[in-house]
Amino acid sequence: MSRAGRSSLAVLGLALGATFWLSGGAAPSAPAAQDARQPAWDGARTVPVHLIPLHDENDEPIIPTETNPLPFSARFTCGPCHDYDTVRGGFHFSAAGGRAEGRPAQPWFWAEPRTGTVLPVSYRPWPGTYRPADLGLTAWDFTLLFGRHFPGGGPAEPSEEEILSDPEARWNVSGRAEVNCLACHNRSGRQDHSEWAKQVLRENFRWAAAAAGGVGEVGGMAARLKGTWDIYDGPNLDDREWAVAPYVKYRTADFDSKHSYFFDLNYQPADDRCLACHAASPVDEVQWKADADVHSAAGLRCADCHRNGLDHDMVRGYEGEAADKGDRAVDSFTCRGCHLGEDAKGRVKVEPGRLGAPRPKHTGIPLVHFKRLSCTVCHSGPMPKDGFTRVRTSRANRLGVYGAAAWATDLPAVFEPVYMKDANHKITPRRLVWPAFWARKDGRELVPLRPEEVESAAAGILGADERIGQVLIALTQVMAEDETPVLVSGRFIFGPHIDGGVEATGRNGAEDKGPSFWGIRKGDGIVPLVPDFDPAAEDKDPDIEPRFQEFLQALDTTLGKPGRPVIQVRKTLYRFVDGSLDISEAPEELGEATRPGWIADDALIPLASDLDVRAATAKAGTERTLTEEEVALVLGALTEASEGAEFAYVSGGRMFRLAKGGKLLSEKHEAAEPVTWALAHNVRPAQQSLGWNGCADCHSAGSDFFFSTLEAQGPLLTRSVTKRSSTSFMGLGGFFQGFFGLTFTVRPLLKVVLTVCAFVVGSLLLLAGILALGRLAGLLEKR
Amino acid sequence: MLFVIITALAVAGTFLALAFHRFWTGLDKDRTNLVYVALLGQFWAWLARRSKENARKASMKAWWAYLKALPLWRLPVLEKWLFVFLYGSFLYLAASGFFFAVFVPRGLHGFPLIGHVMAGGLFAVCLTLVVVFKGRNFTSIPEPLELSLKLFDPKRLGLTAVKVKHAAFWAFILAGFLLTLSSLLPMMPLLRTPGQKLMFELHRASALASVLAAMVFAGMGSLEKARGSQPR
């Protein structure tokens, strides 16, 4: 063999060797090694019937007819076939690991109206959010606060070390809330998210899945048991009414004779299971007018795009997720991937048209729009409008929990669609919340305070509504059926609210600064609770003093009362002493007045302090929960309690602090900036997309897309709030966009001019071309 | 990136071709028999010398004098302003378009874009008027072609500098027409995304073609001027 031939063979051998080495030494046809925890799919398209034995948290089989059976455990009931530890690494359960895991999503909001707190909280280090540990929230606290919308797992299922490190937590009583497979996969109509929320609130963590899934009926309340109670203690024999130990009575009809339970399960969760935690609806929309996402209307389910394997690493569907996950297949689940076959950079990389996704025509849309805007700008969320659209989301506003008490909250105020540039410099619609919280100033940094820290320092300042409500509720006890005790102040009448606090109704024709008084509403009229009369007169109403006795008796039951109740009429003082009405002359220092009140330290103080009445009146008819006066007082109280540290309150995009004279100052601060996260749904149909009606949908001098203004919302009643325009959120120049929008008014003229020009020039070019061609070919005579 | 490379090569190539043409036509007849290497060497030396001379002469004052001396100002009033607007709009369009295409990754945007659109409208109108009123000045009546080896010999084909200038004029008009069309059609609700992409590429290619045509036209014009000949 020649030298060249030998060389060629050596190179070929090396190449083959390299190929063999790079392929891991396996023959091309050999199947890839399977992860034992993720068994290979056999190709079947059916979901097996889940008639399976239930196991408790000790992996003991459950016999439903036994006395006091334990709740079933997903780890040991579902785990034998679906590796539990693999599942609990999924996106819904792994937040506590603290990894960023892709594009920032909606954080949790620790909303507490009384202290005016709206704190964005996330284990994942996403911008604008606070880590639970930084706020002093343990896994136990976090579960109690947000477990209502957890599918179990994560912080609700702490390790032994975490349990031991938090001795104040009551995990031994409540148990852990394991990953609740049923929360998503249960096809049964019995699956009840409200029941889950209630069981979490009752600290019945280990029972919650059985109760919510309709597997059994759960009674008792771990929250009322002593911290020493253990599940093996069984029922609380000392108390069968109040501190009843949690128990489960299994629905025996769904068990077979071998004690196997029939779970009616979906492989892909149904939409209502996802929407239990992921719904968002405009505040002012009527339910029957609300449309579903266009994909749902077309028959797709959430899980058709938001897929996952056993690892439950959900496809979230944002552009760039494929790079984040290192899996190019994920590109086909973005809008661009599914509808256009493009990856995040616009390269045609994936097969489009999954599940019949239509290819958009985008007729007449200039290319720059696809470079600068995400698909969701034109297609998702509500149409832009001035003031933006206020929405409520399940997790932020506690939606979808039904019962006697109202769970849904107004706080936090969530706005959409706020268009902002994302990490890829593309404008993307987002939801936005302005944070609100009390904080200790540490140099320039603000360290948020927990609401209970504020409460303890500001006792008697916050909670005006509750204190007035307590008085009204006490008085309600002695009112006739058609009577309601009220406080009349300014333009409002305050009546007792069923959940405590007060309910304000408007008072027609009243002045803002009229005197306030306690009264009784009867029909349309209001009479004073304490009428002015001459106590010494012989012809006074004979019923009036017995009524006073009733009022005083009722007021004496007021929670947190600052003294004994009294009624002063002119110079006479009525008191309830030793079961009877005591009538005496009022001390000289009380002067002559007609009023109810509290007597403490020989002073008569009003039933509700002036501060409380002022605060309640100022906030009535608004959803604000704090006044500037209250904030100034609380800041002062916090400073006093901490011996000189400086404090601040953040609300409405501003930071408030006390100046030297006790005046409240507001400033800009980065901690007051809003927290935002991308929105993708609901996707509107093509005819409702931006641009359907032409360029002027956005490009006009006053379009809502560019020129709507958002006024920051916070719990504080103040005029000092941040206002921002759409263009400032987008990082674009407002003047330019206004001017650019104006040019669109002359664009039709430009089109006409260009059309005429193109026609004339084109015709002459054609003519000249034909003539020249004719001459070259000799067909035209030379002239 | 590809467009940037093509633009740079095309502009540089056209410039060098025009320079070489001027160099070649200025050569003594007996020196045209030089070998290619020697010819190339002489060309680079000539180019360097001329560049140096021009650089030495260049100043704001010289430029202003050059502008004032342009025959444009001596044209009748309507004609004068027609060409002022045509040249002005074309210069702005070329400058803004190529600067942003080559140096700004985001491409043309902001106020320069608005200016580009407005200048584009003006350019289209001026171009139309030039074709209607001046196009006749740039026609050469071609001889009927004969199927012979003459077709491969520019000299024997009668390809003169004037004819090249005329061809450049019509190439400029064609490019202008395509520029107008490729700006107009994307604004209409007619084209889908592939059509929009095609128009975008066509706009860039036409813009490059128009610049090259303008360079040839101006180059040939200045050569004529240098020789003291008058255009037909």
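Bear in mind the structure is a predicted one, so any value in this text is a computation, not a measurement.

**Focus on the interface of chain B and chain A**
At step 1: Contacts between the two partners involve 35 residues from chain B, matched on the other side by 34 residues from chain A.
At step 2: Taken over both partners, the interface formed by chain B and chain A buries close to 3200 Å², and the fraction arising from carbon and sulfur atoms is 76%.
At step 3: Between the two partners, chain B and chain A, sit three residue pairs in polar contact (both at pLDDT 80 or more).
At step 4: Looking at the side of chain B that touches chain A, the elements that each hand over two or more residues are α5 (111-134), α6 (161-184) and α7 (193-227) of chain B.
At step 5: With ten residues, the single largest contributor to the side of chain B that touches chain A is α5(B).
At step 6: Residues that form the side of chain B that touches chain A fall into these classes: 24 nonpolar, seven polar and four charged.

**Looking at the domain arrangement of chain A**
At step 1: Domain boundaries in chain A define domain 1 (50-274), domain 2 (277-434 + 676-736), domain 3 (464-619) and domain 4 (750-783).
At step 2: Once you take the C-alpha centre of each, domain 3 of chain A and domain 4 of chain A turn out to be 97 Å apart.

**A short note on a negative patch on the surface**
At step 1: A grouping of E585(A), E588(A), E589(A), D601(A) and D602(A) is seen on the molecular surface, where their side chains present a negatively charged patch.
At step 2: Within the secondary structure, E585(A) sits in strand β20 (residues 580-585).

**Quick notes on the side chain of T625(A)**
At step 1: With respect to the helices and strands, the residue T625(A) is situated in the loop between α21 (610-619) and β23 (626-627).
At step 2: Sequence-distant contacts of T625(A), defined by excluding residues within four places in its chain, comprise P113(A), G116(A), K619(A), E630(A) and P715(A).

**Here's the deal with the nonpolar core**
At step 1: Among the nonpolar cores identified, the biggest contains 56 residues, and L54(A), F72(A) and V215(A) are the most heavily contacted of them.
At step 2: The biggest single contributor to this core is helix α9 (residues 205-212) of chain A, with seven residues.
At step 3: Those residues in contact with F72(A) that sit more than four places away from it in its chain are L54(A), H55(A), D56(A), I62(A), T77(A), L182(A), R206(A), A209(A), A210(A), V215(A), Y250(A) and F263(A).
At step 4: A758(A), L72(B), A94(B) and F138(B) belong to the second largest nonpolar core, which has 31 residues in total.

**Considerations on the sheet that holds strand β25 (residues 654-658) of chain A**
Residues and elements named next belong to chain A.
At step 1: Read across the open sheet, the five strands follow the order β12-β11-β24-β25-β26; overall the sheet is antiparallel. The outermost strands of the open sheet, each flanked by one partner alone, are β12 (445-448) and β26 (664-667). Mean inter-strand twist for the sheet, computed between neighbouring axes without regard to direction, equals 35°.
At step 2: Taken together, the four bridges between strand β11 (residues 437-442) and strand β24 (residues 647-651) define a ladder with antiparallel strand orientation. Note on β24: the bridge partner recorded for F437 is V650.
At step 3: Helix-sheet contacts for helix α22 (residues 628-641) involve β11, β24, β25 and β26, and the interaxial angle to β24 is about 150°.

**Some details on helix α19 (residues 464-476) of chain A**
At step 1: Given a rise of 1.5 Å per residue, 13 residues ought to cover 18 Å, and the 18 Å separating the end C-alpha atoms of α19(A) matches this to within 8%.
At step 2: For α19(A), every residue scored as buried is listed here: A464(A), I468(A), G469(A), V471(A), L472(A), A474(A) and L475(A).

**Here we look at the packing of aromatic side chains**
Residue and element names in this part refer to chain B.
At step 1: Scanning the model with the defined rule gives 49 aromatic pairs over all chains in all.
At step 2: Considering the side-chain rings of W81 and F85, the 6.1 Å spacing of their centres and the 40° angle between planes classify their relative orientation as tilted. Taken together, the residues span about one helical turn, with W81 and F85 both in helix α4 (residues 77-103) at a distance of four residues.
At step 3: Judged by its relative accessible area of 41%, F85 falls in the partly exposed class.
At step 4: When the ring of F90 is compared with that of F172, the centres are 5.0 Å apart and the planes differ by 75°; the resulting orientation is edge-to-face. Residue F90 is found in helix α4, and its partner F172 is found in helix α6; the two are separated by 82 residues along the sequence.

**What about empty space enclosed by the protein?**
All names here are of chain A.
At step 1: As enumerated under the stated definition, the model contains two cavities of 30 Å³ or more in all.
At step 2: Of the pockets and cavities examined, the largest cavity occupies roughly 70 Å³.
At step 3: V118, L411, P412, A413, V433, W434, E623, R624, Q713, G714 and P715 are the residues that line the largest cavity.
At step 4: The class makeup of the residues in the lining of the largest cavity is seven nonpolar, two polar and two charged.
At step 5: Considered as a void within the structure, the second largest cavity measures approximately 30 Å³ in volume.
At step 6: If you go around the second largest cavity, the residues you meet are K571, E585, A586, P587, E588 and G591.

**So, the side chain of T115(A)**
Residues and elements named next belong to chain A.
At step 1: Position of T115 among the secondary structure elements: in the loop between β2 (108-112) and β3 (117-121).
At step 2: Polar contacts involving the side chain of T115 include one to the side chain of E112, which spans 2.5 Å.
At step 3: Among residues more than four places away in sequence, those in contact with T115 are W438, P451, V454, E455, L462, L626 and Y649.

**Things to note about the pattern of salt bridges**
All names here are of chain A.
At step 1: Counting across every chain of the model gives 40 salt bridges over all chains.
At step 2: Between D313 and K325 there is a salt bridge, with the nearest N and O atoms lying 3.8 Å from each other. One end of the pair, D313, is in the loop between α12 (302-305) and α13 (321-325); the other, K325, is in helix α13, with twelve residues separating them in the sequence.
At step 3: The exposure class assigned to D313 is partly exposed, which follows from its relative accessible area of 33%.
At step 4: The exposure class assigned to K325 is partly exposed, which follows from its relative accessible area of 29%.
At step 5: E629 is paired through a salt bridge with R614; the nearest N and O atoms lie 2.4 Å apart. One end of the pair, E629, is in helix α22; the other, R614, is in helix α21, with 15 residues separating them in the sequence.
At step 6: Among the charged side chains, a salt-bridge network with shared partners connects R75, D85, R88 and E157.

Cut-offs used in this document
Residues numbered from 1 in each chain as written. Chains lettered and ligands numbered in written order. Predicted model: local features only at pLDDT ≥ 70, side-chain atom pairs only at ≥ 80, totals over all residues. Heavy atoms only, no water. Contact = heavy atoms within 4.5 Å. Buried area = accessible area lost by both parts, 1.4 Å probe. Polar contact = N/O pair within 3.5 Å; in protein donor to acceptor, adjacent residues only side chain to side chain. Helix = DSSP H or I, 4+ residues; strand = E, 2+ residues; numbered from the N terminus. Nonpolar A, V, L, I, M, F, W, Y, C, P; charged D, E, K, R; others polar. Domains from an automatic or database assignment. Patch = residues over 30% accessible without salt bridge, like charges linked within 9 Å, V, L, I, M, F, W, Y side chains within 5 Å. Areas by Shrake-Rupley, 256 points an atom, 1.4 Å probe, with all protein chains shown as cover. Salt bridge = Lys/Arg side-chain N within 4 Å of Asp/Glu carboxyl O. Lys, Arg positive; Asp, Glu negative; His and termini not counted. Charge placed at Lys NZ, Arg CZ, Asp CG, Glu CD. Core = buried A, V, L, I, M, F, W, Y, C linked by side-chain atoms within 4.5 Å. Buried < 20%, exposed > 50% of the residue type's maximum accessible area, 1.4 Å probe, protein only. Pairing = 2+ DSSP bridges. Axes fitted to C-alpha atoms, helices over the stretch in contact; angles between N-to-C directions. Expected span 1.5 Å × (residues − 1). Phe/Tyr/Trp six-rings, centres within 6.5 Å; stacked < 30°, edge-to-face > 60°. 1 Å grid on protein atoms, 1.4 Å probe; cavity = no way out; pocket = protein on both sides within 12 Å on 5 of 7 lines; lining within 4 Å. Points joined across faces, edges and corners; volume = space filled by probe spheres on them.

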